[in-house]
Amino acid sequence: MSPKTILYVEDNELNRRIVRDLLKRTSYRLLEAPDGETSLDIVRRERPDLILMDIQLPRLSGIEVTRTLRSEPITANTPIIAITSFALSGDEQRAKEAGATAYMAKPYSPRDLLALIRKLLPESD
Amino acid sequence: MTEPARLTWFRGFSSFRARVFWSVVPIVVSFLVFQGWMNVREHRRLVTEEFEKRGQALASNLGYASELGALSEDLQLLEAAMRGTLRNPDVSYVLIHSRDRRVLARGGQLKASEAPPGDARGDRPSTRQVERAGQRFFEFVSPIVSERSQTPDVVLLGPRVRPRGAEEMEEVIGTATVGLSLAGVEAQVRGLATLWSGITVAFLVVSAAVLYGFSLRITNPVKQLTQQAQKIATGELDQQIAVRSRDEIGALADAFNHMTRSLRVSMNDKERALSELGELNRTLEDRIRQRTVELEVRGQALERSLTELEDKSRQLAAASRHKSDFLANVSHELRTPMNAILGFNEMILDQVYGEISDELRRPLTDIQQSGQHLLRLISDVLDLSKIEAGRMDLVLGDYAVLDTVTAVRASLASLAAEKGLEFVVSVPAEMPLAYGDGRRVTQCLLNLAGNALKFTRQGRVEIAVDLLDEMLRFRVSDTGIGISGEQIDKLFTEFQQADATIAREFGGTGLGLSITRKFVEMHAGHVWAESEIGKGSTFSFSIPLRMKGTMTS
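Residues numbered from 1 in each chain as written. Chains lettered and ligands numbered in written order. Predicted model: local features only at pLDDT ≥ 70, side-chain atom pairs only at ≥ 80, totals over all residues.

Structural notes on the overall build of chain A
Heads up, the condition is: Secondary structure elements follow DSSP: runs of H or I of four or more residues count as helices, runs of E of two or more count as strands, with numbering from the N terminus. Throughout, a pair of residues is in contact if the C-beta atoms placed from their backbones lie within 7 Å.
Counting secondary structure elements, chain A contains five helices and five strands. Order of helices (α) and strands (β) in chain A, N terminus to C terminus: β-α-β-α-β-α-β-α-β-α. The contacts of chain A with a sequence gap of at least 6 include a subset with a gap of at least 24, amounting to 59%.

Looking at the overall build of chain B
Quick note on the threshold: Residue burial here comes from a neighbour count, namely the number of other C-beta atoms, placed from the backbone, that lie within 10 Å of the residue's own C-beta, with 20 or more meaning buried, 12 or fewer meaning exposed, and in between meaning partly exposed.
When helices and strands are counted, chain B shows 12 helices and 12 strands. When the 553 residues of chain B are sorted by exposure, 23% land in the buried category. If you take every contact in chain B between residues at least 6 apart in sequence, the share linking residues at least 24 apart comes to 67%.

Let's talk about helix α4 (residues 75–86) of chain B
Side chains that are three or four residues apart share a direction in an α-helix, a result of its 3.6 residues per turn. Residue and element names in this part refer to chain B. Inclusion rule: One less than the number of residues in a helix, times 1.5 Å, gives the span that helix is expected to have. Think of the arc as the fan of directions from the helix axis to the C-beta atoms.
Given a rise of 1.5 Å per residue, 12 residues ought to cover 16 Å, and the 16 Å separating the end C-alpha atoms of α4 matches this to within 8%. Residues L78, A81, M82 and T85 constitute the buried set of α4. Along α4, the residues classed as buried sweep out an arc of 95° about the axis, all on the same side. What points out from α4, more than 90 degrees from its buried face, is the exposed set Q76, R83 and G84.

A closer look at the environment of A59(B)
Residue and element names in this part refer to chain B. For A59, the location among the structural elements is in helix α2 (residues 16–65). Between the C-alpha atoms of A59 and F140, which are 81 residues apart in sequence, the distance is 5.9 Å. Discounting residues that sit within four places of it in the chain, A59 has contacts with P125, F140, V141, S142, A176, T177 and V178.

Brief notes about the interface of chain B and chain A
Operational definition: Under the scheme applied, nonpolar residues are Ala, Val, Leu, Ile, Met, Phe, Trp, Tyr, Cys and Pro; charged residues are Asp, Glu, Lys and Arg; polar residues are all the others, including Gly.
Contacts between the two partners involve 17 residues from chain B, matched on the other side by 17 residues from chain A. Looking at the side of chain B that touches chain A, the elements that each hand over two or more residues are α6 (248–349) and α9 (438–454) of chain B. A per-class count over the side of chain B that touches chain A returns eight nonpolar, five polar and four charged.

What to know about the environment of S477(B)
Residue and element names in this part refer to chain B. Summarising the element assignment, S477 is placed in strand β10 (residues 471–478). Using a count of 19 C-beta atoms within 10 Å as the deciding quantity, one classes S477 as partly exposed. Considering only alpha carbons, one finds S477 and E462, 15 residues apart in sequence, at a separation of 5.4 Å. When neighbours within four sequence positions are excluded, S477 is seen to be in contact with E462, G536 and T538.

Re the sheet that holds strand β12 (residues 536–544) of chain B
All names here are of chain B. Here is the rule: Whether two strands pair depends on DSSP finding at least two bridges between them. With axes taken as lines fitted to C-alpha atoms, and helix axes fitted only over the stretch in contact, angles between N-to-C directions fall between 0 and 180 degrees.
Taken together, five strands build an open sheet; the order of strands is β7-β9-β10-β12-β11 and the sheet is mixed. The strands lining the two open edges of the sheet, one partner per strand, are β7 (422–426) and β11 (526–532). The mean angle between the axes of side-by-side strands here comes to 15°, regardless of whether they run parallel or antiparallel. Bridge count for β10 against β12 is seven bridges, and the pairing is antiparallel. Bridge pairing in β12 links R475 to S540. Strands in contact with helix α8 (residues 401–419) are β7, β9 (460–468) and β10; relative to β7, the strand with the most contacts, it is inclined by about 175°.

With respect to the confidence of the model for chain B
Residues and elements named next belong to chain B. Which entries qualify depends on this criterion: As a per-residue measure, pLDDT reflects the predictor's confidence and takes values from 0 up to 100.
Residues of chain B with pLDDT of at least 70 account for 86%, and the chain-wide mean is 79. Mean pLDDT across the elements of chain B ranges from a minimum in helix α11 (residues 500–506), with 47, to a maximum in β10, with 94. In the model, residues 1–10 has pLDDT below 50 throughout and makes one contact with residues more than four positions away in sequence or in other chains. Every residue in residues 149–155 is under pLDDT 50, and counting partners more than four places away or in other chains gives eight contacts.

Describing the packing of helix α7 (residues 358–388) of chain B against helix α12 (residues 511–522) of chain B
All names here are of chain B. Selection rule: In these notes the angle categories are as follows: under 35 degrees is roughly parallel, over 145 is roughly antiparallel, 65 to 115 is roughly perpendicular, and the rest is oblique. The crossing is said to be left-handed when, going from far helix to near helix, the turn is anticlockwise and less than a right angle, and right-handed when the turn is clockwise.
Two elements in contact, α7 and α12, have axes separated by 10 Å at closest approach and are oriented at 40°. Taken together, the axes of α7 and α12 are oblique relative to one another. The element α7 and its partner α12 pack so that their crossing is left-handed. Along the contact surface, α7 presents D380, V381, D383, L384 and I387, while α12 presents L511, G512, S514, I515 and K518. Class assignment of the residues belonging to the contact of α7 with α12 gives a composition of five nonpolar, two polar and three charged.

Details of unusual backbone geometry
In this structure, P107(A) follows K106(A) across a cis peptide bond, with omega equal to 0°. Along the chain, the position of P107(A) falls in the loop between β5 (102–105) and α5 (110–120). For R47(A), which is not a glycine, the phi torsion comes out positive at approximately 45°. One non-glycine residue, A524(B), lies in the positive phi region at around 60°. Topologically, A524(B) is positioned in the loop between α12 and β11.

Some thoughts on the pairing of strand β2 (residues 103–108) of chain B
Along any regular strand the residues' side chains alternate between the sheet's two faces. All names here are of chain B. Bridge count between strand β1 (residues 91–98) and β2: five bridges; the pairing is antiparallel. What sits directly across from H97, in β2, is V103. Joining the antiparallel neighbours β1 and β2 is a turn of four residues, in which R101 adopts a positive phi near 70°.

Some remarks on the packing of helix α3 (residues 62–71) of chain A against helix α4 (residues 91–98) of chain A
All names here are of chain A. One can describe the packing of α3 onto α4 by two numbers: an axis separation of 8 Å at closest approach and a directional angle of 20°. Put simply, α3 runs roughly parallel to α4. Taken as a pair, α3 and α4 cross one another with a handedness that is right-handed. Packed against α3, whose contacting residues are I63, T66 and R67, the element α4 presents R94, A95 and A98 at the interface.

Digging into the pairing of β11(B)
Residue and element names in this part refer to chain B. Pairing between β11 and β12: seven bridges, direction antiparallel. Residue W528 lies in a different strand from β12, and its bridge partner there is S540. Where β11 folds back onto β12 in an antiparallel hairpin, the turn is made up of three residues, including G534, whose phi is positive at roughly 85°.

A look at helix α2 (residues 36–46) of chain A
Residues and elements named next belong to chain A. Of the positions making up α2, those classed as buried are G36, S39 and V43. Angular distribution of buried residues about the axis of α2 spans 50°; they occupy a single face of the element. Those residues of α2 that are exposed and angled more than 90 degrees off the buried face are D41, R44 and R45. Of the surrounding elements, those touching the buried residues of α2 are β1 (5–9), β2 (29–33) and α3. R47, located one to two residues past α2, shows a positive phi value of around 45°.

A short note on the sheet that holds strand β3 (residues 126–132) of chain B
Residues and elements named next belong to chain B. Read from one edge of the open sheet, five strands run β2-β1-β5-β4-β3, paired in antiparallel fashion. With one partner strand each, in any of the chains shown, β2 and β3 form the two edges of the open sheet. Neighbour to neighbour, the strand axes of the sheet diverge by 20° on average, direction disregarded. Pairing of β1 with strand β5 (residues 171–181) involves seven bridges; the strand directions are antiparallel. Directly across from S98, in β5, lies its bridge partner G174. Here α4 sits on the sheet in contact with β1, β2 and β5, set at roughly 35° to β2.

Right, dumping it as structure tokens:
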């Protein structure tokens, strides 16, 4: 049984390290992308089981990447958790409209994030 | 004849003066001529009559005087008888004829060859006109009577009339003829006719002159009136007609002068009014021009001010936008390190990196709570700056009132439990769906309930909701320290807390209430507070169950 693959799209190294540390003790395999274009390449190559998508990305925004992923057959049903910059800014509304499965407001609790990931993508079948 | 001359002539006939003249003169002339003719005729008749009488008398006298001479046919006696007669200046000639019509004697301006024979009917006196040598004469014939023989059936005429039946016998023995020249009479008649003609002409001239003068007295004022009227028609009103008479013309002139004066007065009034009006107009125009210029100047100044104001306003808006953008950016930038701090700290607490001692757990928990607090403050600042910049939009939709209360209770339950406070919520069982920005309503309720828990040391905090007349009322009451009336008024102003010492004891910036007020007002609602020092406070806000339209701050 191969480990479930999670792609984290996030430009900030510190934030990427939080998720990296968080998932270290789990069976999930973590892929990281620093921007939207790279994430699209990785998605087509690696076909992750779940995507953590930060909304505020340089150049191509998380909203646009989400919309693109949803329009492609391979990723049309892949769970996408949108990491919005702020719970009350309206980002989550836009993320939902673009096709995100769930959202998490930044700053998020790693504990809550892991719970959400496990809910959408159980570690083992 | 030229046209103007014809007109003058025509006017001459049709003018009043001409009409008077031509109606009076023929009467006068015909009267004078008739009178003259009658006079001359009568005079001629009288003169002729007298002439004839004298002639007959002369002839008769000559007849008597020639009785003896004729009887004797003595020329000397006859010439003596004729001499007396010839002394009369009118007598041109005399003739004495015998009974058998022979010329016995002649005298005066008559040649022997011209002497006619005696008249056949010489026994009666007669008168006749004759022409001799181109001259007209009156001839008077009288019989020469002798008293020698008497004939009873002879009719005796003349001055020596004898009673009928007289014994004496009279016999005609010849005729005496006296020729009187008509020249004297005719000259007299001619003189008279001439005199009359002269009188007629003189009378005519005088009467024409009088008529002319009289008509002048009538027509001159009329002419003047006419000229005056023409002048008035052209606008000249300063002339008066000289009034000389007291008749109808004078009255007319008087009336006319009066009319002219009135007209002048009214014209003067009118002109004055007109000039005043004109003056007024000019003044008005000047004033309008002046006012227009002033207005233009003011308008330009105003425009400049407006432009400046617009610039300032734009600058201000831009500055405000910049501030808001800056705060949003700062807020976002702050969030990233906050995320890292809180994330790592939580993972340490959750022993992701290994076991931690209880001594370490205490400060790590403090870091976590302070970090959360800092995060809330950052959120409040961002919200307020957005509201101030007018960039805060409500996201309208249906929401369940129960959900908002439940969410607030869920996020604050742990805090209440930590402080050992009773935390209750009451929402009516059957509550219709509300329309508005559910998340902002939740935020407001969270602010109020958070404050209530913060400022209450013991007792309870209660959230109650009710619906009255389509208005939702949220009520958060506590048994906390309470606040004074004066302080309540300041509460909802930005950055106000009831007391600086309270802030130190309980924390918070006071931003929560300001943001709550703004959101409630954006929902067309209002917020208020009741409190009693030491007993507790109740903070309430009411908003329409279903708000209308989209509102921005």
